[in-house]
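# Secondary and tertiary structure notes
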Amino acid sequence: MAKVSIIGAGMTGSTTAHWLAEREIADIVLVDIIEGMPQGKALDLTEAMPVIGKDAKIFGSNDYADTKGSDIVIITAGLPRKPGMSRDDLLVTNAKIVADVARKTLEQSPDAIYIVLTNPLDVMTYLTWKVTGLPTYRVVGQAGILDSARMRAFVAMETGVSVENIHCYVLGGHGDDMVPLTRHSNIAGVPLYKYLPEDKLAAIVERTRKGGGEIVGLLKKGSAFYAPSAALAQMAEAILKGKNLIVPATAYLDGEYGMHDIFIGVPTMLGRKGVEKVIEYELNDEEMAAFQKSAAHVKSNVAKLSEFGLL
Ligand code: APR
């Protein structure tokens, strides 16, 4: 059985373990700094396995030695947003946590593929890559599946069509300036703009951009975790099974879309190597300008990390 270690056994980390255990594709190690919590959640999940008839092994720990030999390391450790906070407000605190986690896990699993979730996501993915010194294809961030899934859910609510028929693509950094690509999105091959009037589509784009904040506002403490963790599980599955699944994810660009030295949300092909390929959509001028604006934002956050001596 493959081994997946999830660092940060909070809401997102433990729910990822849940989705993964249901898939029965890996043994799972949950690690957190809080004593007893990952052990308790792992035991609870272990006791659910007979009910759902799965033989996944789930183990909780405060010790990185237990992550040894992982095929995949998922990083969800860090603080979530509170109402009124942007993802950028978490930058310095979470950078220290993510850098520490990246170093400690790499010692145990030098061959692992890293999937990063902690916010601000694009910068934390860049940081993980820098700290681990891994080839770029072995580090990827989760945001695009989530942002696209939010858009798909909103389109399904508006049209009543099955979510399975709805294909949406969101590019760019995981922030309010992300770029929902309405021109490339479709319902069973029919472009979205043919299904929905302009004002409805514009409202969906806006709600997608602010989707994370909408949930933070409702929950009051903590941020979304069901959809983010479902996305993490889908990415881990695509990698472990070598599916070559095309999904939006935060990947390193070395000339694609005319950008260099940046991790940002783009369509990727996920397979056994990690990011097998970055796929380049043909963007029109307006889409490219929005993508570049989002990239500039990500780059300015990376520069802030350098200023604070964290890179
Ligand atoms: N090592 C291991 N675990 C840590 C560390 C660390 N150095 N620092 C914090 N943690 C743990 C916390 O103890 C907590 O259990 O990370 C966990 C985070 O879980 P939650 O607080 O429930 O947050 P969650 O909603 O899962 O979000 C985690 O994902 O979506 C992003 O913005 C969100 O950055 C945040 C991350």
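Residues numbered from 1 in each chain as written. Predicted model: local features only at pLDDT ≥ 70, side-chain atom pairs only at ≥ 80, totals over all residues. Heavy atoms only, no water.

As a further point, take the side chain of Asp147. Considering the arrangement of structural elements, one finds Asp147 in helix α5 (residues 144–159). One buried charged residue, Asp147, forms no salt bridge at all, with the nearest opposite charge on Arg150 at 4.1 Å. Apart from the residues lying within four places of it in its own chain, the contact partners of Asp147 are Val170, His174, Met178 and Thr208. (Helix = DSSP H or I, 4+ residues; strand = E, 2+ residues; numbered from the N terminus. Buried < 20%, exposed > 50% of the residue type's maximum accessible area, 1.4 Å probe, protein only. Lys, Arg positive; Asp, Glu negative; His and termini not counted. Salt bridge = Lys/Arg side-chain N within 4 Å of Asp/Glu carboxyl O. Contact = heavy atoms within 4.5 Å.)

This part is about the domain arrangement of the protein. Structurally, the protein comprises domain 1 (2–141) and domain 2 (144–307). Distance between the C-alpha centres of domain 1 and domain 2: 21 Å. Residue-level contacts link 40 residues of domain 1 with 46 residues of domain 2. For the interface between domain 1 and domain 2, the tally reads two salt bridges. Residue Arg23 pairs with Glu237 through a salt bridge whose shortest N-O separation is 2.8 Å. Across the domain 1-domain 2 interface, the total number found is 11 residue pairs in polar contact (both at pLDDT 80 or more). Sorting the residues of the side of domain 1 that touches domain 2 by element identifies β1 (2–7), α1 (11–23), β4 (72–75), α3 (91–108), β5 (113–116), α4 (121–132) and β6 (139–141) as the ones contributing at least two each. When grouped by side-chain class, the residues that make up the side of domain 1 that touches domain 2 number 24 nonpolar, eight polar and eight charged. (Domains from an automatic or database assignment. Polar contact = N/O pair within 3.5 Å; in protein donor to acceptor, adjacent residues only side chain to side chain. Nonpolar A, V, L, I, M, F, W, Y, C, P; charged D, E, K, R; others polar.)

This brings us to α5. Taking 1.5 Å per residue as the helical rise, α5 with its 16 residues ought to reach 22 Å, and the 22 Å between its terminal C-alpha atoms agrees with that figure. Those residues of α5 that fall on the buried side of the exposure criterion are Gly144, Ile145, Leu146, Asp147, Ser148, Arg150, Met151, Phe154, Val155 and Ala156. Trailing α5 by a residue or two, Gly160 shows a phi angle of about 80°, which is positive. (Expected span 1.5 Å × (residues − 1).)

Right, let's get into unusual backbone geometry. For the bond from Asn119 to Pro120, the omega torsion is -5°, close enough to zero to count as cis. In this model, Glu24 sits at a positive phi of 55°, which is unusual for a non-glycine residue. Positionally, Glu24 belongs in the loop between α1 and β2 (26–31). Glu24 gets classed as partly exposed once you look at its relative accessible area, which sits at 31%. The backbone of Asn244 shows a phi angle near 55°, a positive value even though the residue is not glycine. Here Asn244 is to be found in the loop between α9 (226–240) and β12 (245–254).

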